[in-house]
Amino acid sequence: MDITEVLTLADELIFAKTGEHIDYLQKAILEGTFQGRTYPQIAEETHSSEGHTRDIGSELWQIFSEGLGEDITKRNFRAIIEKANFYNSPSAIGRDHVTFNNVNVCQERARSPTEPPNSQQTSKQLHINLGDAPEIVTFFDRTSELSTLENWITGDRTRLIALLGISGIGKTTLSLRLIDQIKTQFDYVIYRSLRFSPTLDATLTNLLQIFSQPSEIPQNIDTKISQILDYLRKYRCLIVLDDVQMLFSSRQLAGQYKTGYEDYQLFFKLIAEVCHQSCLILNSWEKPREIARLSKEDHPVRCFVLGSLGVAAKEILNSQKLSDQETWSTLIDIYQGNPLWLELTATLIRELFGGRVSEFLQCEMPILDESLQFQLSQPFGRLTAAELAVMIHLTNQPEPVAVSQFLNKIPFSPSEIVNAVRTLGNRFLLDTIEEEKITLFSLNPVMKQYVKTQYLSQ
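In this report, the structure presented in the accompanying data block is examined. (Residues numbered from 1 in each chain as written. Predicted model: local features only at pLDDT ≥ 70, side-chain atom pairs only at ≥ 80, totals over all residues. Heavy atoms only, no water.)

**Brief notes about the overall build of the protein**
Then, number 1: Broken down by element type, the protein carries 19 helices and 11 strands.
Then, number 2: Counting all 458 residues of the protein, 50% fall into the buried class.
Then, number 3: By sequence separation, contacts in the protein at least 24 residues apart represent 69% of the contacts at least 6 residues apart.
Then, number 4: Looking at the protein as shown, the accessible area adds up to about 21800 Å², and 46% of this sits on carbon and sulfur atoms. (Helix = DSSP H or I, 4+ residues; strand = E, 2+ residues; numbered from the N terminus. Buried < 20%, exposed > 50% of the residue type's maximum accessible area, 1.4 Å probe, protein only. Contact = heavy atoms within 4.5 Å. Areas by Shrake-Rupley, 256 points an atom, 1.4 Å probe, with all protein chains shown as cover.)

**With respect to the nonpolar core**
Then, number 1: Among the nonpolar cores identified, the biggest contains 112 residues, and L160 and Y335 are the most heavily contacted of them.
Then, number 2: What L160 contacts, discounting residues up to four positions off in sequence, is F268, I271, A272, L280, L282, I291, L294, P300, V301 and R302.
Then, number 3: By size, the runner-up hydrophobic cluster in this structure holds 24 residues, among which are V6, I14, I29 and I81. (Core = buried A, V, L, I, M, F, W, Y, C linked by side-chain atoms within 4.5 Å.)

**A few points about the sheet that holds strand β4 (residues 127–129)**
Then, number 1: The six strands are arranged β4-β6-β7-β8-β5-β9 in an open sheet whose pairing can be described as parallel. Every other strand in the sheet has two partners, leaving β4 and β9 (301–305) as the edge strands with one partner each. Put simply, the sheet's adjacent strands are angled 15 degrees from each other on average, direction ignored.
Then, number 2: Of the strand pairs in this sheet, strand β6 (residues 188–193) and strand β7 (residues 237–242) are connected by six bridges, and their pairing is parallel. The residue bridging R192 from the neighbouring strand is L241, located in β7.
Then, number 3: Here helix α6 (residues 143–155) sits on the sheet in contact with β5 (160–164), β7, β8 (279–284) and β9, set at roughly 170 degrees to β9. (Pairing = 2+ DSSP bridges. Axes fitted to C-alpha atoms, helices over the stretch in contact; angles between N-to-C directions.)

**Concerning the pattern of salt bridges**
Then, number 1: Inspection of the entire model under this criterion finds 14 salt bridges.
Then, number 2: The salt bridge partner of E50 is R54, with a shortest N-O separation of 2.9 Å. Separated by four residues within a single helix, E50 and R54 lie in helix α4 (residues 50–68), roughly one turn from each other.
Then, number 3: Judged by its relative accessible area of 37%, R54 falls in the partly exposed class.
Then, number 4: Close ionic contact of D180 with K183 constitutes a salt bridge, the shortest N to O distance being 3.3 Å.
Then, number 5: Taken together, the salt bridges that share partners define one network made up of E286, R382, E387 and R427. (Salt bridge = Lys/Arg side-chain N within 4 Å of Asp/Glu carboxyl O.)

**Some remarks on the environment of L429**
Then, number 1: Of note, L429 is situated in the loop between α18 (414–426) and β10 (431–435).
Then, number 2: Take L429: its relative accessible area is 2%, and that puts it in the buried class.
Then, number 3: Separated by 264 residues in the primary sequence, L429 and G165 have C-alpha atoms spaced 9.4 Å apart.

**Some words on unusual backbone geometry**
Then, number 1: A cis amide bond links M365 with the next residue in sequence, P366, at an omega value of -10 degrees.
Then, number 2: Position of P366 relative to the elements: it lies in the loop between α15 (357–361) and α16 (370–380).
Then, number 3: Even without being a glycine, K437 presents a positive backbone phi close to 65 degrees.
Then, number 4: Within the fold, K437 resides in the loop between β10 and β11 (438–442).

**Structural notes on the packing of aromatic side chains**
Then, number 1: Enumeration over the complete set of coordinates arrives at 16 aromatic pairs.
Then, number 2: The interplanar angle of 15 degrees and the centroid separation of 6.3 Å between the aromatic rings of Y231 and Y235 together place this pair among those described as stacked. For the pair Y231 and Y235, one class covers both residues: buried.
Then, number 3: Arranged with centres 6.4 Å apart and planes meeting at 5 degrees, the rings of Y261 and Y264 form a pair that is stacked. Y264 shares its class with Y261; the two are buried.
Then, number 4: Across from the ring centre of Y39, 5.2 Å away, lies the NZ or CZ of K74, which sits over that ring. (Phe/Tyr/Trp six-rings, centres within 6.5 Å; stacked < 30°, edge-to-face > 60°. Lys NZ or Arg CZ within 6 Å of the ring centre and 35° of its normal.)

And the structure:
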């Protein structure tokens with residue numbers, strides 16, 4: 001009996017006992033046992049804890065023992081399997097019988113562990129748990145973005161996606177609309193916000209409660225990670241973690257985890273590297289450091305930076321019943337097509353300018369209302385002194401400039417300035433232009449106005 005036959009037999013025995021098909025860890029245990037590997041070796045190869053691997057192994061030997069009428073353990077498994085008679089034979093009604101030592105194991109057609117179950121045999125139940133997800137009242141056209149993300153997830157089977165962009169650009173709204181569009185292709189769809197900076201242990205416990213009873217959730221964080229990975233293999237899951245930037249330190253370079261939160265980095269790395277059939281989306285206005293490295297390697301990891309809403313932003317202005325449509329494109333350009341910035345500004349125009357955009361544009365642009373200033377204060381409040389110095393310097397430049405042009409004009413070392421420019425890019429606070437193989441940096445009008453208001457007018 002070869003390993004393929006063993007897995008076929010195992011799939012039928014497991015299905016007969018539990019109603020579920022063989023999963024990734026069960027398959028790895030059987031293959032490893034057949035090849036003489038120990039539990040610690042199997043656990044290391046599958047990124048599972050040794051204890052959890054042993055527990056699953058014990059369950060497997062019990063299922064084999066009950067199904068085949070033999071006392072089967074890890075120690076004697078291969079010997080018993082190799083001396084057994086195993087064959088498939090066509091039945092009178094056109095289905096196959098799986099026979100082991102002349103005992104019919106299953107009246108169903110023997111199915112390869114990798115073959116999807118027939119839709120008439122199983123009915124997939126969709127579990128949706130969106131927790132504290134905000135309600136989408138309006139959604140403005142992001143057709144191309146949705147198409148790209150859907151293709152990455154359902155076509156390319158991408159395991160980890162970083163959905164990035166400055167605050168207010170629409171990451172949460174887009175991810176929730178994406179969930180609504182592709183949810184039927186999953187067994188579990190989950191949304192969670194990390195806005196209150198939960199530890200990884202707390203996040204894992206929260207997720208595991210969706211899959212199992214509280215009494216079944218282990219105390220050890222390594223075992224929790226292993227269980228989550230097992231569920232991601234067993235089921236097709238789509239999980240969105242929002243507000244990931246809240247895991248990072250303020251006054252440090254972008255993407256540096258707070259003390260006590262570094263294990264998130266390992267967890268995200270495992271999601272990217274371990275084989276499973278699910279997808280984790282990370283929404284953040286600060287790029288996680290590990291994403292840049294993982295996306296350059298041969299991993300199913302993608303980065304999507306969400307930009308201007310473009311002409312679709314006119315729907316926002318129309319919903320606010322603003323006038324002077326011929327000037328709307330100018331307003332959208334000034335406020336970078338950012339949905340939140342435009343919504344706040346449109347409210348200001350309606351309340352103080354009678355909805356007349358042309359009259360508003362006669363003022364010195366851009367005007368930042370109090371709510372918009374508060375939105376901008378959040379990323380600015382996280383900057384290092386070197387980053388803030390770079391922002392102030394760029395505010396005073398009439399044209400985009402290269403890093404080499406201001407290395408000696410800011411009172412920080414060249415290394416500090418270079419690192420500051422790089423992480424400002426990872427916070428999406430800089431505009432870049434490629435010109436004759438040279439990268440030039442600048443600030444958009446809204447950023448410049450905020451810096452002038454908060455740091456240069458004092």
